[in-house]
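Summary of the model geometry
Each chain, written out:
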Amino acid sequence: MRSSKSFFIFLKNRTISTANRLMPANRNALVRYKTLDACLRNRQRRWTLDDLIETVSEALYEYEGIDKGISRRTVQADLQLMRSDKLGYFAPIVIIDKKYYTYEDPTYSITNIPLSDGDLSRMNEAVEVLKQFKGFSHFKALNEVVQKLEDHVYSTAKKSAPVIDFEKNDYLKGLHWLDDLYQAVIQKRTLLLQYQSFSARSPQTFLFHVWWLKEYKNRWFAVGIRDGKGYIMNLALDRMLSVTIAPDIDYVPNYGIDPDVHYTDVIGVSVSENMRPSKVLLFVNRLHAPYVETKPLHHSQQVVERTADGIVIQLIVQHNFELEKEILGFGEGMRVLQPERLRRVIRQRLQAGLDGYNPETIDRPISPDETSSF
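Calculation rules
- Residues numbered from 1 in each chain as written.
- Predicted model: local features only at pLDDT ≥ 70, side-chain atom pairs only at ≥ 80, totals over all residues.
- Heavy atoms only, no water.
- Buried < 20%, exposed > 50% of the residue type's maximum accessible area, 1.4 Å probe, protein only.
- Helix = DSSP H or I, 4+ residues; strand = E, 2+ residues; numbered from the N terminus.
- Pairing = 2+ DSSP bridges.
- Core = buried A, V, L, I, M, F, W, Y, C linked by side-chain atoms within 4.5 Å.
- Contact = heavy atoms within 4.5 Å.
- Phe/Tyr/Trp six-rings, centres within 6.5 Å; stacked < 30°, edge-to-face > 60°.
- Lys NZ or Arg CZ within 6 Å of the ring centre and 35° of its normal.

**Here we look at the pairing of strand β3 (residues 191-195)**
The two faces of β3 differ: Leu-191, Leu-193 and Tyr-195 on one face are buried, but Leu-192 and Gln-194 on the other face are not. Where β3 meets strand β4 (residues 204-216), five bridges bridge the pair, whose relative direction is antiparallel. Bridge pairing in β4 links Tyr-195 to Gln-204. Pairing between β3 and strand β7 (residues 240-245): five bridges, direction antiparallel. The residue bridging Leu-192 from the neighbouring strand is Thr-244, located in β7.

**Here's the deal with the nonpolar core**
By size, the foremost hydrophobic cluster in this structure holds 48 residues, and its most contacted members are Leu-181, Met-240, Leu-282 and Leu-297. Take this core: its biggest share by element is six residues, from β4. Once you skip the residues sitting within four places of it in the chain, Met-240 turns out to touch Trp-177, Leu-181, Leu-193, Gln-194, Tyr-195, Ala-222 and Leu-235. Listed in part, the 25 residues of the second largest apolar core include Leu-40, Val-56, Ala-59 and Ile-110.

**Some points on the packing of aromatic side chains**
Per the counting criterion, the structure on display carries six aromatic pairs. Aromatic ring contacts, followed pair by pair, group Tyr-195, Phe-206 and Phe-208 into a single cluster. Across the ring face of Tyr-263, the terminal group of Lys-214 is positioned such that the distance to the ring centre comes to 4.3 Å.

So yeah, pure geometry; function would need other evidence.
Below, the structure is given as structure tokens:
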């Protein structure tokens, strides 16, 4: 999930920024602030500056093993810092009779400071990220925590809309197999699958050795080898009918194939071990060109020509179903220049689609053979 990975980096930076604003620079300072806060909240005793210094020194010795005490100047600076907005505390510290320190508001504590709009936004982002992993058992222990955090954020923000809306489909079939397959990978267990592809008339049952899980356009695939041999297969989770452990069958591990390398020459998940990538030239009209340039179809994409009518881009990829879908998705905005075979296939599929709108054929269902490219 590369997009999620990049967001985690973003979220980490935002979280560090929030922590720097709300938290002291080191643990010693945190101990001092928490100790001062406990003293100022305790109205059963009147606190002089010397009393505060002594109590803070005792806390530092107890929690950090520091036995040299604390200076008067440091405690005075801490009190002033707590009063200020630098840490976001705005502590209402007052001096009574020019001698005794306390909080003007008896209910105040630095542990109860309200969240800012920015903090709520960051927490909402964190909730949305964590919710993406609810299909994995490793995160089941977090479900209740995430739910409580989500409720707190939403109630505090008065049910405000999420800041980030991830692409998701909670009703996609097969998601409940996700954790079983994940556990099979990390525990190196062979699976017995009952599987029925869209083109099969009846399901098949076979052994499968899962090597990794792949997500593409919000659909999940288990990638591995069938019956412990042969070529690498992608099995869609939404076509799995049953998934069980085959305890008596030795697991065949991944023999060193890097997923990033495996998919380097394709768009999507369909990889042919026998097909070499070829040069694909596509013309993109000027209306669609900005979208294609800002979101490349593939990492190999290069602009090889610019004209007043659009651009010509080059890809080095295998010809697979996902490539055809990407091209067809742009409709009249994209045209195949080469190779000729891909150009012919796209023309046939567009023609078959157009034929479906002709008055004399509009009621006739289109045969799969009319649009099949392989």
